[in-house]
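Residue-level structural notes
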Amino acid sequence: MTRFSAWSVFRNGLSGQSGWTRQWRDPEPKKQYDIVIVGGGLHGLATAYYLAKNHGQKNIAVVEKGWLGGGNAGRNTTIVRSNYFLPGNREFYEHSLKLWEDLSHDLNYNVMFSQRSHISLLHSPAAIDGAARRYNTMRLTGTADAEIWDLDQLKQEVPHLNYGPDARFPIRGAAVQKRAGTARHDAVAWGYARAADALGVDILQNCEVTSTTRSGNEITSLTTSRGEIQAKKVGFAVAGNTSRLWQMAGFNTLPIESHKLQAFVSEPLKPLLDQVVVFGVGGAHFYISQSDKGGMVFGGDIDWYKSYAQRGNLPIVQDVAECAISILPCLGRVRLLRHWSGVMDMSMDGSPFICKTPLNNLYLNAGWNYGGFKASPASGWYFADLIANDRPHETIEHFNLDRFAQGVVLDERGAGPDPKLHG
Amino acid sequence: MIRINCPFCGERDHSEFSYGGDGSIVYPALDAPVEQWVEAVFQRENIRGVQTESWQHVSGCRQWILVERDTMTHEIHSVRAAHEGVAKVLEAGK
Amino acid sequence: MSASRLEQGGRIDRSSQVSFKWDNQNFTGFVGDTLASALMASGETIFGRSFKYHRPRGVMSAGVEESGAIVTVGRGDRRDPNVKATTQEIYEGLEASGQNAWPNVRRDIGAVNNLMSRFFSAGFYYKTFMGIPPMEWGKGTGIWMQYEKLIRKAAGMGVASREPDPDTYEHGHRFCDVLVVGSGPAGLAAAVQLAQAGLDVMLVEQDYELGGDYLNQTSPDAEEKRKASIKALQDAGATILTRTTAFGLYDYGVAGLLERVTDHLAEPSPHTPRQRFLTVRAKHTILATGALERTVAFGNNDLPGIMTAAAAATYVSRYGVLPGKKVVIATNNDSAYASAMTFARVGADVTLLDARGSLPDSVGGLLDSKGIALKASNTALCANGKRVISSLDLAVDSGAGWSAGETVDCDLLLMSGGWSPVVNLLSHRSVRPVWDKDNLCFVSPKHDEPIQIAGSANAVWGTSDCEQSGKSAADAAIAAINGDKTSVSVSTAVGGWETPIKPLYEVKVEGRKLKSFIDPQHDVTADDVRLAHQEGFVSVEHLKRYTTLGMATDQGKMGNIIGLALMAEALGREIPEVGTTTFRPPYTPISLGALTGRGKGAHFKPLRRTPMHEWNLANGATMTEAGLWQRPWYFAREGEGITEAYIRETITTRETVGLVDVTSLGKIAIQGPDATEFINSIYSNAFAKLPIGKARYGIMLRDDGIVMDDGTTWRFSETDYFMTTTTAHAAKVMVWLEELLQIRWSHLKVHVTSVSEQWAGSAVAGPKSRSVLEACVQDENAVSNDALPFMGVIETQLKNGVTCRIARISFSGEMAYEMYVESDYSESMMDMLWESAKSFDGCLYGTETLGALRIEKGHVTGVELDGRVTIEDAGLGAMASDKKSYIGSALRKRPDLNRPNRPQLVGIIPKERSETFKAGSVLCAEHKIEGHGEGWITAVTHSPSMGHWIGLGYINGGYSEWSGKTVVAADPVRRGNINVEIISPHMVDPSGERMRG
């Protein structure tokens, strides 16, 4: 692997870029692997990378039906944060954030993690109290970057928000996570792919799993569009389409429903907003940041009905635009450049699954709702740990399918068993 | 925009309705064992293709309806009143 | 490039001169000009700077595909960045300026980037900026974030206004039989046919004038046909919208349109919206969206003075502007011959390079007569010129590929690399276009959508063929609407060129290094595509993301196919094997203001006010938000702030009487023979034996056994109940009851009706509450302790004859009543109650006092019932019946919901009684202030009854576990840590004597 650096960029600039090689190989599938990860998204690629790096696994394949990073890896609004507060969630996402902080160096790939602050606007004394519980928990669980800002401080830091008298929900303060921010989503997929490939992982694109072969309580092989692949252990990481693969493995139901989430980007502008701003009051839900290229990147709620289609409908487009103008009235003349949508595994409590399954050698990584992007490093880390050691790490002990039968409450929103309500 | 042909009001934008969930779920009796309730409340087949689902015409007649809809294409194949008795009356009146 | 206005010709109105400003200089043009045509006519050549290298950019097209002349229009709070000069109509006083350049687009310091371009290849930023150069030493994100600041400043394009947009926008809804997008020969023909067949037709055109390609034709025939069609449409009553873009197609024939109402006006009426967003529901849609001419990648193909051939001809024929006098046209297809003639006709010196060896016979003769120099097997290799093109190195096809040819002087180079039908809108429907190898373009495949595609959007090139194609599409649409499935799909009469188009995407010769752009806005070069291939980014989507090809404001309308072709070449495959990228809505960028319409500012969400809103205000209320509701927060008297007010109100209510507007509570009438069974099945506590004339507090659980909501239900008769819910969950509970009755329990004969808005209510609380009621009702015995005991319900008449419903229930812990009247009578009820309460030195109170009173009593609300707690956690286990089954009764038995040491509701007081503390604090054991703690505080208040601050919260194991121990209320994000004690949540009158009294 050519090490990336200013030096290598300089040298290749002089040589007409002749020194760059493929960032990952395009190998033919082997007949057999020790571990096959299904799904070449961020979670699958990260899992393969950590299996190779942390657990010394040598014979791993990632199989991807299309091109890697082509699912939700490239369809999100790139927000990275760890402002969760329930035991388990909090530790998991904080671990993820710590992995993010050094990810560019670890992967030798600039994933452009910009720790520009994540600011949740608060509109009532009760909302401030509610946020305080969450942000106090963050402080007490070991990070100093959780803050509650009063209106004066907020005005100073984010000057163009609607502080005017016509605001339907006047802003009273904000809950802030300073180490949170945004990253370059494609770079994360490519960075993990390149680093995993360098450690010997075979990344097999255009390799769709069409069925599985079981023997007793194990999967023995996967039939793919590129032939039969035998595997000693299999991990599924195909959020959005988990149920389909699950059914291919011979099971029926999961605590998951697939919904689509739209995302939006505006034309590029000179710097206008330096943080991630989140707005949620009166049934509205909205988040916005500005990409390094200058586009305003934003999103809101899912389309409210189950769907596997990667395209959205107008009502949410309007809702999101209303939110945008409501908090940033200067965006009225800014133009929407593109909107698209991705399919999410919405789980019954809004929390994910990284767990063993009824089959001895099948492991499941699923149920990321629309928070999977920020989770991807830790998701890969813990999934690798689970697959390598065949037992869940204590941090993710409740990220299992049995928690609903057990009555474990891992519901950050308190919304109950309705997948569409967990954002 | 999905357009849903409400059996009571006619064709309307889906934004007048709210999506319920998997309409094929049969909820067990209140005194049924916990396992049956776990299955009904939490487990979903999550069909990619044509599924039966419940919607409520919440900004219209407020009736719950059962819709057969393709979750890939959003194409609707049928709509009927969710209330069995009402559905029968409507069917008989056709 | 030395453009100038022609003496005559064009569709501009030469009698109406328009003055405008470009970079603070005065210019003039004519009505009918775009900013691009007017500036070109005045000799301007440089309109912008590219994103990365800051290379000068001129006009490259005459429409929405423009990738070079991107400017800022307007100023102050009406500043519009990233406007395509080719689509902006000029108006008197228009102010435009260059962007992404300093000091201006003509002399831009940023152009220094161009010198570094050898290092700035595709994706270079993924390889560096991580740490300290040259080896990227260091950890964390600190160094990257320093670079990022500089990168962000350099990136972006225009500067957006920081001020709120002062304009208004509208959103409208439309229906039609057929939506026709595009008013060129195909669209007009289709629309006329449909309208004359009696269909409700809506024709939309993004241009300000109808006609599409007719407008570029100079023959009187074309103009006559255009006018006749428009008249026919008007006569048939069709809806015609110009300056309107169909920006997206969605499910079920729904289209999003954007109408630009005033963007071309100097002084729009203040009552006119700037733009209008229309949601159109069409039974069928015809896309007559035309085709866009492609350029070709060759050396310096981004220099100002290079544009597409048909666009240049448009400037001549439509705007009367001659973009250059010494013109070279390079083509690989027949269409550029017409452009060549257009230029020759107005006296330009034209050299036509045809990449093909064999030429069309018919046009060959015409060219001779016009004195056009024709060079077959020639094309453009490299443009020369510092800021604008001055000469062109030719490439000659020697039969074995391109080799360098002669150099010719020119001031304008026109390119035609073929045409790309605009299938973008079809792509929004997830229909993947297919490659047409005869016409070298993507076209619509057969599909099931209620959409026809006509004219050059379907690769039909001739005008009369397009008209015919439009008519066929109309016929197919009519058949489809009539349910005739057999003739739904249009026959694809594609093509129409005499000589086949020759594949030509990039021109290069061995041994010559060229900078050949395929995305001129984002500075993506042909070499970048090859680098992407070299590094393994071979899928189209990877190519797009790695190089940013097609991600600029034109969304790849000009360059995508070249990128695809180059990748196909690198892979040794055919273009269709490489694929196409999916076009996303919108077709052209649309303002967020238009999408928002009126739903902004105070109108962002509905505002809910109780019928007593004005009454509350008139009596001194300060209001607060409660979801969408506004409720009285407190009623300050002279000199009081919120704290003084709520403490006084709390004391007064406990000592005499207080009134509070409780209208926002949800109210549901539950009626029918099975109402009792229904209610008994949804509440966790027993309701089967609730007597008529009694109310009961009830808790309902979700299916999963977690508490959903609480409230009281009043029984008026065998079959008639009145349920109240919390304000927050009113709508949710109503939906839930409807779902249960219509889906799960359709055998029950019960009807539920939301009556939240029909009944307005007040709570009357305090020792004098009964006396207040006595003064207000006609029969004071009706409210006596016997007639209306604790939890009793009556319906009786107020003194003014108005019927009211009264239940003796208490949230405050005092003897208290909730009474409701029909909403229209609420003010008269309040007048009476307040008149009487005043005589007892009573008060009005709001939500702050409501909170104080209930916290003292340990009554729970939404902050305690947060969707994660069980009925036992909330200390209400006694309300969970073991004798019956009800919603949630099965799943509340799950093991983890019944483990010992779950958090339990408790009361909290400061150890040092003079201290205060806050809700949202985390409760920790005294010497272990870390981690998730042992619990949390949900609500606090100053308790006048206890003389210090108190709170409610949850703590693991509850009161019995922590009684007598010091606990720390940790609030590091606000005020630090306070030592507290845990007590019973029932802090005032735990036995309930006061409310029963």
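For the structure, check the block above.
Residues numbered from 1 in each chain as written. Chains lettered and ligands numbered in written order. Predicted model: local features only at pLDDT ≥ 70, side-chain atom pairs only at ≥ 80, totals over all residues. Heavy atoms only, no water.

**What to know about the interface of chain C and chain A**
Each side of the interface is counted separately: chain C has 127 residues, and chain A has 119 residues. Both faces combined, the contact of chain C with chain A buries some 10600 Å², and carbon together with sulfur accounts for 57% of it. There are 11 salt bridges connecting chain C and chain A. Where chain C packs against chain A, one counts 79 residue pairs in polar contact (both at pLDDT 80 or more). With seven residues, helix α3 (residues 142-154) of chain C is the single largest residue contributor to the side of chain C that touches chain A. (Contact = heavy atoms within 4.5 Å. Buried area = accessible area lost by both parts, 1.4 Å probe. Salt bridge = Lys/Arg side-chain N within 4 Å of Asp/Glu carboxyl O. Polar contact = N/O pair within 3.5 Å; in protein donor to acceptor, adjacent residues only side chain to side chain. Helix = DSSP H or I, 4+ residues; strand = E, 2+ residues; numbered from the N terminus.)

**Some remarks on the interface of chain A and chain B**
Opposite the 29 residues of chain A that make contact, chain B presents 25 residues. Carbon and sulfur atoms make up 50% of the area that chain A and chain B hide from each other, which totals about 2300 Å². Three residues, A:Tyr305, A:Lys306 and A:Tyr308, lead the burial of chain A against chain B; their summed loss comes to 27% of the area buried on that side. Scanning the region where chain A abuts chain B turns up zero salt bridges. Where chain A packs against chain B, one counts 17 residue pairs in polar contact (both at pLDDT 80 or more). For the side of chain A that touches chain B, the elements supplying multiple residues, two or more each, are α8 (242-248), β12 (256-268), β15 (295-306), α9 (314-327) and α11 (403-406) of chain A. Counting residues per element, the side of chain A that touches chain B draws most heavily on β12(A), at five residues. Here the side of chain A that touches chain B is built from residues that sort into 13 nonpolar, nine polar and seven charged. (Nonpolar A, V, L, I, M, F, W, Y, C, P; charged D, E, K, R; others polar.)

**Overview of the sheet that holds β15(A)**
Strand order in the open sheet formed by nine strands is β5(A)-β6(A)-β4(A)-β13(A)-β14(A)-β15(A)-β12(A)-β16(A)-β31(C), and the pairing between neighbours is mixed. Two strands lie at the open edges of the sheet, namely β5 (146-150) of chain A together with β31 (590-591) of chain C, each paired on one side alone. In this structure, strand β4 (residues 118-122) of chain A lies alongside strand β13 (residues 276-279) of chain A, joined through three bridges in parallel fashion. Paired with A:Ser120 across the two strands is A:Val278, which belongs to β13(A). Where helix α5 (residues 125-140) of chain A meets the sheet, its contacts fall on β4, β5 and β6 (173-177) of chain A, and the angle it forms with β5(A) comes to roughly 150 degrees. (Pairing = 2+ DSSP bridges. Axes fitted to C-alpha atoms, helices over the stretch in contact; angles between N-to-C directions.)

**Describing unusual backbone geometry**
All names here are of chain C. Of note, the amide linkage connecting Trp102 to Pro103 takes the cis form, showing an omega dihedral of 0 degrees. Residue placement: Pro103 occurs in the loop between β8 (94-97) and α2 (112-115). We note that Asn100 has phi near 55 degrees; this positive angle belongs to a residue other than glycine. With respect to the secondary-structure elements, Asn100 resides in the loop between β8 and α2.

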